[in-house]
Amino acid sequence: RSEHIAQQQHRIRANRHLVKMKMRLTASCRQLLRRASLPLLLYVLVSFVRKIYQSRKGWKLIHGLEDKRMAKIKKTLPKRFGMYPSSLWTPLLPIFLNGWLNMFYVMLLKKVIQDRFRREEIERPDGGVVSVDWLSGWGQESLPENAPLLLVLTTITGKSSDHSIWLRAAAQRGYRVCVFHRRGHDLPLKTPRFNIMGCADDAHAQVSYVRSKYNKSEFVAMAGLSAGSGLLITYLGRYAEETPVQAACCLCPAYEMNIWKMLDDKYPRVASHMLESVRNQWVRDNSDMLHSHDSKAAKAVERATSLSDFVEAHAPFTGDGDYSGWLVRSNPMKHFQKVQVPTFILNALDDPVSLADNIPDEELFSDVSNFLLLKTPHGSHVAYNDGFFGTRSFMMDRSIDFLDTVRSVSAEQDDDEE
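Residues numbered from 1 in each chain as written. Predicted model: local features only at pLDDT ≥ 70, side-chain atom pairs only at ≥ 80, totals over all residues. Heavy atoms only, no water.

Explain the overall build of the chain to me, please; I cannot follow it from the model alone.
For the chain, the count of helices and strands is 15 helices and 11 strands. The 418 residues of the chain split such that 53% are buried. A sequence separation of at least 24 residues applies to 80% of the contacts in the chain between residues at least 6 apart. Element-wise, carbon and sulfur atoms account for 53% of the exposed surface of the chain, whose accessible area totals about 20500 Å². (Helix = DSSP H or I, 4+ residues; strand = E, 2+ residues; numbered from the N terminus. Buried < 20%, exposed > 50% of the residue type's maximum accessible area, 1.4 Å probe, protein only. Contact = heavy atoms within 4.5 Å. Areas by Shrake-Rupley, 256 points an atom, 1.4 Å probe, with all protein chains shown as cover.)

Shown next, in the form of structure tokens:
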């Protein structure tokens, strides 16, 4: 009995000692937090103010040193052209200044803000189908016949309604807006042919269709979003002498095709999500048709374990032969220097998809004509939300500013020639 009492007393003393240790540890943590809270708060505040300062100081617009036309366009652009966000009076400012949060926020807005579109399909000579989606509402039906046209090339798996925030911004500035959809892109895949970067020949057919429908339009502009920006450059380069497009906006481009491997290595979760998206878009419901055309290639796209593997495996379905042939025809950097129309390029350094590491050196843009590059510290990927609740688009506002300036400068040049 005395041994049992001794054990109980020992446990009581041990518990008391443990309680004291916990109390001391808690007191130490509280004291540490009190001492560290002010420096930590100051650090967070200084970092946030620094981000704001970076966004407000105005970022350099880069263009060809010998490009007099672009120099005049740049000089005529509105002041504070490169300051994002344009307004600091918003509770969402911390979101706008973080690439990941901004991207997730715009993904949420896409589900909430969706406009209506009217679709017109175009059958290609091989039986494939592409479409032109016309924005409905926002005064589009009452525009005059000569209203400027804005032709939009969408993201890798996006659809028209996903871009409502940006498209309505263009509509409010007086543009007649339409979106080009690629084969199998929010459309049934009619033939075993698709290209995740899009086909320049198909794009030219879409441009020709729109131009014939509104042949009195005095100005034709084109904008490419993300992967659509790659098709934009490829199309404008390959059809430089034939296109009716007079100015363009290349928004959040990834440039070289090594971007797929870069995403696999740096952000494997992002790459994995994109892999499943492109596989669901073009392969899942078209497996039998793809297998009947090229069983080996169909198995390769179905079994691809990385985004870069899928891109390489899908080459036989593009109509360009193998992967090297696809690169020659679909890598926008192969056609970059052939573009002849004034083109605005916008990149964010915090873009989680079109990585800043892949943006070419400034010397490249200094040596070529027809391009104006703006790199902002923030903006994320095809996001650039602006306004109090982020329902405005800095990206499209600046794009329309650029296009309107091109129109103005071109009109002045025409008057001078007369």
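Sorry if this is basic, but what is going on with unusual backbone geometry here?
Excluding glycine, residues mostly have negative phi values, and the peptide bonds linking residues are mostly trans. At Ser-226, a position not held by glycine, the phi torsion is positive, near 55°. Here Ser-226 lies in the loop between β6 (220-225) and α7 (227-238). In this structure Ser-226 comes out as buried when scored by relative accessible area, which is 13%. Despite not being glycine, Cys-252 has its phi angle at roughly 60°, a positive value. Mapped onto the elements, Cys-252 comes out in the loop between β7 (247-251) and α8 (259-266). For Cys-252, a relative accessible area of 0% corresponds to the buried category.

Would you take a moment to explain the nonpolar core for this structure?
A general feature of soluble globular proteins is that nonpolar side chains tend to end up buried together. Core analysis: the biggest nonpolar cluster contains 48 residues, and Leu-150, Met-395, Phe-402 and Leu-403 have the highest contact counts within it. No other element matches the eight residues that helix α15 (residues 394-417) contributes to this core. For Leu-150, the contacting residues outside a window of four places in its chain are Ala-170, Tyr-175, Arg-176, Val-177, Cys-178, Ala-221, Met-222, Ala-223, Met-396, Ile-400 and Leu-403. Counting residues in hydrophobic clusters, the runner-up holds 36 residues, among them Val-220, Tyr-255, Phe-336 and Val-368. (Core = buried A, V, L, I, M, F, W, Y, C linked by side-chain atoms within 4.5 Å.)

What exactly am I supposed to notice about the pattern of salt bridges here?
When the charged atoms of two side chains lie near each other, side chains of opposite charge can form a pair. With the rule as written, the count across this model stands at 25 salt bridges. Across the pair Arg-173 and Asp-404 runs a salt bridge, and its minimum N-O distance is 3.4 Å. Linking Arg-173 in the loop between α5 (164-171) and β5 (176-181) with Asp-404 in helix α15, this pair joins segments that are 231 residues apart in sequence. Residue Asp-404 is classed as partly exposed on the basis of its relative accessible area, which comes to 25%. A salt bridge links Arg-392 to Asp-397, with the shortest nitrogen-to-oxygen separation between them at 3.7 Å. Put simply, Arg-173, Glu-218, Arg-398, Asp-401, Asp-404 and Arg-407 are held in one network by salt bridges that share partners. (Salt bridge = Lys/Arg side-chain N within 4 Å of Asp/Glu carboxyl O.)

Sorry if this is basic, but what is going on with a nonpolar patch on the surface here?
Residues Trp-100, Phe-104 and Met-107 make up a contiguous nonpolar surface patch of about 290 Å² in total accessible area. For Met-107, the position within the fold is in helix α4 (residues 99-112). You can call Met-107 partly exposed: its relative accessible area is 40%. (Patch = residues over 30% accessible without salt bridge, like charges linked within 9 Å, V, L, I, M, F, W, Y side chains within 5 Å.)

Sorry, what's going on with the packing of helix α6 (residues 200-213) against α7 here?
A pair of packed helices is characterised by two quantities: the angle between their axes and the separation of those axes. Axis separation between α6 and α7 bottoms out at 9 Å; the angle between their running directions is 80°. Judged by the angle between their axes, α6 and α7 are roughly perpendicular. The segment α6 lies against α7, with Ala-200, Asp-201, Ala-203, His-204 and Val-207 engaging Leu-231, Thr-234, Tyr-235 and Arg-238. Of the residues in the contact of α6 with α7, the class split is five nonpolar, two polar and two charged. (Axes fitted to C-alpha atoms, helices over the stretch in contact; angles between N-to-C directions. Parallel < 35°, antiparallel > 145°, perpendicular 65-115°, else oblique. Nonpolar A, V, L, I, M, F, W, Y, C, P; charged D, E, K, R; others polar.)

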